[in-house]
Amino acid sequence: MSSVGEAWKCPHCGQRILRSAVICPACQRRLRFDAAAQAHSATAANSPLHIEGTIHHPPAEKAWEYSVIVQVRDAEGAVLARHVVGVGAIEPGDTRTFTLQVEMRAPEESARAAVASRPPAVERAKPTSTLPPKQPTPAKS
Ligand SMILES: [Zn+2]
């Protein structure tokens with residue numbers, strides 16, 4: 001069993017990824033086929049942070065070089081990771097789109113526990129109305 005947050009290298013592309021990943025977030029190739037993996041992939045990944053931006057390089061400029069740096073810090077500001085994930089050049093008039101996405105998911109064990117702790121009869125119809133019960137109209141006498 002892997003511990004929460006444990007990392008390893010994707011056997012396909014060599015990127016450092018989570019041991020619990022069913023599909024490599026870098027190369028999108030499937031890593032496991034067992035039942036636990038299927039249950040895990042059924043639980044939707046949460047994406048609490050997704051940023052995308054496009055840089056248009058003016059046609060009148062010369063080519064520019066760029067470095068894409070991603071940094072992760074904890075609550076105290078200590079740098080947990082800092083990586084240059086890509087470098088290159090933008091030709092005049094060309095564009096580059098940069099996307100940063102943070103995927104979050106409960107670890108496998110708790111995902112399974114959540115499934116197991118679900119009430120067995122979820123389909124059972126229950127009143128969802130929040131309207132107060134009808135007040136009897138006061139009878140005039
Ligand atoms: Zn990979």
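Above this text you will find the structure in question.
Residues numbered from 1 in each chain as written. Predicted model: local features only at pLDDT ≥ 70, side-chain atom pairs only at ≥ 80, totals over all residues. Heavy atoms only, no water.

## A look at the overall build of the chain
Okay, so step 1: A count of helices and strands for the chain gives 2 helices and 6 strands.
Okay, so step 2: A burial count over the chain gives 9% of its 141 residues as buried.
Okay, so step 3: Intrachain contacts of the chain at a sequence separation of at least 6 include 47% that bridge at least 24 residues.
Okay, so step 4: As presented, the chain carries roughly 11,700 Å² of accessible surface, and 56% of it is formed by carbon and sulfur atoms. (Helix = DSSP H or I, 4+ residues; strand = E, 2+ residues; numbered from the N terminus. Buried < 20%, exposed > 50% of the residue type's maximum accessible area, 1.4 Å probe, protein only. Contact = heavy atoms within 4.5 Å. Areas by Shrake-Rupley, 256 points an atom, 1.4 Å probe, with all protein chains shown as cover.)

## Quick look at the pattern of salt bridges
Okay, so step 1: Using the criterion set out here, one finds 2 salt bridges in the structure.
Okay, so step 2: The partner of Glu6 in a salt bridge is Arg19, with the nearest N and O atoms 3.6 Å apart. Of this pair, Glu6 sits in the segment before strand E1 (7-9) while Arg19 is found in the loop between strand E2 (16-18) and helix H1 (35-42), placing the two residues 13 residues apart along the sequence.
Okay, so step 3: A salt bridge links Arg96 to Asp94, with the nearest nitrogen and oxygen atoms 3.0 Å apart. (Salt bridge = Lys/Arg side-chain N within 4 Å of Asp/Glu carboxyl O.)

## Side note on the environment of Pro11
Okay, so step 1: In this structure, Pro11 sits in the loop between E1 and E2.
Okay, so step 2: Looking at Pro11, the relative accessible area reads 59%, which means it is exposed.
Okay, so step 3: For Pro11 and Arg29, which are 18 residues apart along the polypeptide, the C-alpha to C-alpha distance reads 9.7 Å.

## Things to note about the coordination of the zinc ion
Okay, so step 1: Coordination sphere of the zinc ion, protein contribution only: Cys10 (SG), Cys13 (SG), Cys24 (SG) and Cys27 (SG), at 2.3 Å.
Okay, so step 2: Taken together, the 4 donor atoms coordinating the zinc ion and their angles of 103 to 116° define a geometry best described as tetrahedral.
Okay, so step 3: In primary sequence terms, the donor set of the zinc ion follows C-x2-C-x10-C-x2-C.
Okay, so step 4: What makes Cys24 buried here is its relative accessible area of 0%. (Donors = N, O, S within 2.8 Å, 3.2 Å for Na, K, Ca; no water. Tetrahedral: all angles 85-135°; square planar, octahedral: opposite > 155°, others 65-115°.)

## Overview of the packing of aromatic side chains
What describes a pair of aromatic rings is the distance from one ring centre to the other and the angle between the planes of the rings.
Okay, so step 1: One pass over the structure, following the stated rule, counts 1 aromatic pair.
Okay, so step 2: Relative to Phe98, the ring of Tyr66 lies with its centre 5.4 Å away and its plane at 80°, an arrangement referred to as edge-to-face. On the criterion of sequence distance, the pair formed by Tyr66 in strand E4 (residues 64-73) and Phe98 in strand E6 (residues 95-104) is long-range, its members being 32 residues apart.
Okay, so step 3: Look at Phe98 and you get partly exposed, because its relative accessible area is 24%. (Phe/Tyr/Trp six-rings, centres within 6.5 Å; stacked < 30°, edge-to-face > 60°.)

## Brief notes about the environment of Arg16
Okay, so step 1: Here Arg16 is to be found in strand E2.
Okay, so step 2: Relative accessible area serves as the criterion here: at 68%, Arg16 is assigned to the exposed category.
Okay, so step 3: Spatially, the C-alpha atoms of Arg16 and Ala26 are 9.0 Å apart, while their sequence positions differ by 10 residues.
Okay, so step 4: Beyond its immediate chain neighbours, meaning those up to four positions away, Arg16 contacts Ala7 and Trp8.

## Regarding a nonpolar patch on the surface
Okay, so step 1: A cluster of nonpolar side chains, contributed by Leu49, Ile51 and Leu100, occupies part of the molecular surface with about 220 Å² of accessible area.
Okay, so step 2: Residue Ile51 is classed as partly exposed on the basis of its relative accessible area, which comes to 45%. (Patch = residues over 30% accessible without salt bridge, like charges linked within 9 Å, V, L, I, M, F, W, Y side chains within 5 Å.)

## Side note on the environment of Phe98
Okay, so step 1: In sequence terms Phe98 and Gly86 are 12 residues apart; their C-alpha atoms lie 9.9 Å from each other.
Okay, so step 2: Once you skip the residues sitting within four places of it in the chain, Phe98 turns out to touch Ile51, Glu52, Gly53, Ile55, Tyr66 and Val68.

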